[in-house]
Amino acid sequence: MKHATDYLTFETPNRRDYLNITPQVEEFVRRSGIEHGLCLVNPMHITAAVYVNDDEQGLIADFDEWLERLAPHEPVEHYRHNRAEDNADAHLKRQLMGHQVVLPITDGRLDLGPWEQVFYAEFDGRRPKRVVMKAIGE
Amino acid sequence: MKHATDYLTFETPNRRDYLNITPQVEEFVRRSGIEHGLCLVNPMHITAAVYVNDDEQGLIADFDEWLERLAPHEPVEHYRHNRAEDNADAHLKRQLMGHQVVLPITDGRLDLGPWEQVFYAEFDGRRPKRVVMKAIGE
Amino acid sequence: MKHATDYLTFETPNRRDYLNITPQVEEFVRRSGIEHGLCLVNPMHITAAVYVNDDEQGLIADFDEWLERLAPHEPVEHYRHNRAEDNADAHLKRQLMGHQVVLPITDGRLDLGPWEQVFYAEFDGRRPKRVVMKAIGE
């Protein structure tokens, strides 16, 4: 059995940002030398999510507006979590997006469909955040 | 370590459909010869989800109505993604359902609770779609 | 390759409860002897979820209120599932929370960020429920 672990670091300029990290995950899988296995991609902070969907700017704007509708940032004082903080909505938004993904590795590559792209969604940015990638297989 | 990979193909008759695929996943695990491991079941299209819940027709109707309330199909022009397409809601609905599942394999079988059933949820059907199953273990 | 399987049992006093199970998962990983791998934590009942987020009482109250807003328990008769039962909302709530998690194991421990805590969320309690933990690696 082979295994590989690596970390990505982000510090995004806005409160909410959506970054396509597929190239970094593919590069990690290539370096791992794993031909068949599973690759977990998990944010290590609880106000961010990793998800798989389309890389299309209109859709990303739709996601952002929709998340704001279902888990709005304002009014900040509406949330009990927001005594010393203002990021309760970020904790909720990341659950809506599923928060983590497990990707199949086949023949040494991510076994993705034609439109599947891996995204890092930041919901409380402007500070350093990490994502762990862990692959096991052979 | 053993590994196995297979694909399911669907072309459902309606825009939205909910198919119990537990028998296909169980058969895949049986053929893999894996006694203890993990089995990823992942839609390769980003307008569909794989989820685990009850196989009960009333509940499936409840899910469908609830998803339409939280991420409505209409008005189609409300979504920025829908310039050449009309499926933005499908991209959102699949995130609400968690989009993929990882199932435990114990003693050569899916280690499921009494009511856990694996579903393929199609939110933009009437075209060919694929699901990848990837199991690793020993 | 090593593998380990264990089960947790819960019977919570209220319809909805949120339990931090990180110590039990860490103990399971320690006993498994796995240094590098993946650990699935999955509720075996379809009216509960396992999720990762902050252990902060204000936030837990926010989650509970938010889940009630997006998938309300009442009116019970609104749901088609609720002919002989009253737990349709619990089936929906658990999907919103992502329902299961896969955790990385690095150097024999859960590879978690500073605030990541593993929770069992019960949405239809006052009866026995099980969670399966399955780890594979080496």
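The coordinates are above.
Quick look at the structure, then.

### A closer look at the overall build of chain A
Helices and strands together make up the secondary structure of chain A, namely three helices and eight strands. Reading the helices (α) and strands (β) of chain A from amino to carboxyl end gives β-β-α-β-β-α-α-β-β-β-β. Taking 2.2 N^0.38 as the reference for a compact globule, 138 residues should give roughly 14 Å; the C-alpha atoms of chain A span a radius of gyration of 16 Å, in line with that estimate. Its C-alpha atoms give chain A principal-axis dimensions of about 50 × 30 × 20 Å. Taking all 138 residues of chain A together, 64% fall into the buried category. At a minimum sequence separation of 6, the contacts of chain A that also span at least 24 residues come to 82%. When the accessible surface of chain A is summed, it comes to about 5000 Å², and 46% of that surface belongs to carbon and sulfur atoms.

### A few points about the interface of chain A and chain C
Taken together, the contact pairs 31 residues of chain A with 36 residues of chain C. When the two sides are added together, the surface that chain A and chain C hide from each other amounts to roughly 2800 Å², 60% of it contributed by carbon and sulfur. At the boundary of chain A and chain C, one finds one salt bridge. The interface formed by chain A and chain C includes 16 residue pairs in polar contact (both at pLDDT 80 or more). A per-element tally of the side of chain A that touches chain C places helix α3 (residues 88-96) of chain A first, with six residues. Residues belonging to the side of chain A that touches chain C are distributed by class as follows: 17 nonpolar, 10 polar and four charged.

### With respect to the packing of aromatic side chains
Aromatic rings in a pair are described by how distant their centres are and how their planes are angled relative to each other. Enumeration over the complete set of coordinates arrives at 15 aromatic pairs over all chains. Ring centres 5.3 Å apart and planes at 15° place the aromatic pair Tyr51(A) and Phe119(A) in the stacked group. Note that Tyr51(A) is positioned in strand β4 (residues 48-53) and Phe119(A) in strand β7 (residues 117-122), a separation of 68 residues in sequence. Under the relative-accessibility criterion, Tyr51(A) is labelled buried at 1%. On the numbers, 4.2 Å between centres and 10° between planes, the contact of Phe10(C) with Tyr120(C) is stacked. In this pair, Phe10(C) is assigned in strand β1 (residues 2-10) and Tyr120(C) in strand β7 (residues 117-122), connecting sequence segments 110 residues apart. Pairwise contacts between aromatic rings join Tyr51(A), Phe63(A), Trp66(A) and Phe119(A) into one cluster. Directly above the ring of Tyr7(B) sits Arg130(B), whose terminal nitrogen or CZ lies 4.8 Å from the centroid.

### Observations concerning the pairing of β7(C)
Residues and elements named next belong to chain C. Most of β7 is tucked away: five of the six residues are buried. The sheet contact formed by strand β4 (residues 48-53) and β7 spans six bridges and is antiparallel. Bridge assignment links Asn-53 to a residue of β7, and that residue is Gln-117.

### A short note on the nonpolar core
Ranked by internal contacts, the top residues of the largest apolar core, which has 57 residues, are Trp66(A), Trp66(B) and Trp66(C). Setting aside anything within four residues of it in sequence, one finds Trp66(B) in contact with Met97(B), Leu70(C), Ala71(C), Leu92(C) and Leu96(C).

### Examining the relation of the copies chain B and chain A
Expressed as a screw operation, the relation of chain B to chain A combines 0.0 Å of axial shift with a rotation of 120°, fitting to an RMSD of 0.0 Å. Classification of the inter-copy transformation places it as that of a three-fold axis. Within chain B, the C-alpha atom positioned nearest to the axis of rotation is that of Gly98(B), 3.0 Å from it.

### Comments concerning the interface of chain B and chain A
Each partner contributes to the interface: chain B provides 31 residues, whereas chain A provides 36 residues. Summed over both sides, the interface between chain B and chain A buries roughly 2800 Å², with carbon and sulfur atoms accounting for 59% of that surface. On the chain B side of the interface with chain A, the three residues burying the most area are Met1(B), Arg80(B) and Gln95(B), jointly 21% of the side's total. Counting across the interface, chain B meets chain A through one salt bridge.

### Quick look at the sheet that holds strand β2 (residues 17-20) of chain B
All names here are of chain B. Here we have three strands laid out as an open sheet, ordered β2-β7-β4, and antiparallel in their pairing. Two strands bound the open sheet, and with one partner strand each, they are β2 and β4 (48-53). For this sheet, the mean angle separating the axes of adjacent strands, direction not counted, is 25°.

### Digging into helix α2 (residues 57-70) of chain A
All names here are of chain A. Compared with the 20 Å implied by 1.5 Å per residue over 14 residues, the 20 Å span of α2 between its first and last C-alpha is a close match. Looking at α2, one finds that the buried residues are Gly-58, Leu-59, Ile-60, Asp-62, Phe-63, Asp-64, Trp-66, Leu-67 and Leu-70. With a side-chain oxygen positioned 3.1 Å from the backbone nitrogen of Gly-58, the residue opening α2 is Glu-56.

### Some points on the pairing of β4(C)
Among the six residues of β4(C), six are classified as buried, and the element is accordingly described as predominantly covered. Here β4(C) shows no split at all, with Ala48(C), Val50(C) and Val52(C) on one side and Ala49(C), Tyr51(C) and Asn53(C) on the other all buried.

### Concerning the packing of α3(A) against helix α2 (residues 57-70) of chain C
Two elements in contact, α3(A) and α2(C), have axes whose closest approach is 11 Å; the angle formed by their N-to-C orientations is 55°. The angle between α3(A) and α2(C) falls in the class oblique. Between α3(A) and α2(C) lies a crossing whose hand is right-handed. From α3(A), Ala88(A), His91(A), Leu92(A), Gln95(A) and Leu96(A) reach across to α2(C), where they touch Leu59(C), Asp62(C), Phe63(C), Trp66(C) and Leu70(C). The residue inventory of the contact of α3(A) with α2(C), partitioned by class, reads seven nonpolar, two polar and one charged.

### Regarding the pattern of salt bridges
Residues and elements named next belong to chain B. Taken as a whole and assessed by the stated rule, the structure comprises 34 salt bridges over all chains. When the shortest N-O distance is used, the salt bridge between Glu-68 and Arg-16 registers 3.5 Å. Placement of the pair is Glu-68 in helix α2 (residues 57-70) and Arg-16 in the loop between β1 (2-10) and β2, with a sequence separation of 52 residues. For Glu-68, a relative accessible area of 24% puts it in the partly exposed group. Across the salt bridge formed by Arg-30 and Glu-27, the nearest N and O atoms sit 3.2 Å from each other. With a gap of three residues between them, Arg-30 and Glu-27 both fall in helix α1 (residues 22-32), about one helical turn apart. On the basis of relative accessible area, Glu-27 is assigned to the partly exposed category, the value being 32%.

Criteria and thresholds
- Residues numbered from 1 in each chain as written.
- Chains lettered and ligands numbered in written order.
- Predicted model: local features only at pLDDT ≥ 70, side-chain atom pairs only at ≥ 80, totals over all residues.
- Heavy atoms only, no water.
- Helix = DSSP H or I, 4+ residues; strand = E, 2+ residues; numbered from the N terminus.
- Rg over C-alpha atoms; globule rule 2.2 N^0.38 Å.
- Buried < 20%, exposed > 50% of the residue type's maximum accessible area, 1.4 Å probe, protein only.
- Contact = heavy atoms within 4.5 Å.
- Areas by Shrake-Rupley, 256 points an atom, 1.4 Å probe, with all protein chains shown as cover.
- Buried area = accessible area lost by both parts, 1.4 Å probe.
- Salt bridge = Lys/Arg side-chain N within 4 Å of Asp/Glu carboxyl O.
- Polar contact = N/O pair within 3.5 Å; in protein donor to acceptor, adjacent residues only side chain to side chain.
- Nonpolar A, V, L, I, M, F, W, Y, C, P; charged D, E, K, R; others polar.
- Phe/Tyr/Trp six-rings, centres within 6.5 Å; stacked < 30°, edge-to-face > 60°.
- Lys NZ or Arg CZ within 6 Å of the ring centre and 35° of its normal.
- Pairing = 2+ DSSP bridges.
- Core = buried A, V, L, I, M, F, W, Y, C linked by side-chain atoms within 4.5 Å.
- Least-squares fit on C-alpha atoms with pLDDT ≥ 70 in both.
- Axes fitted to C-alpha atoms, helices over the stretch in contact; angles between N-to-C directions.
- Expected span 1.5 Å × (residues − 1).
- Parallel < 35°, antiparallel > 145°, perpendicular 65-115°, else oblique.
- Left-handed = near helix turned anticlockwise from the far one by under 90°.

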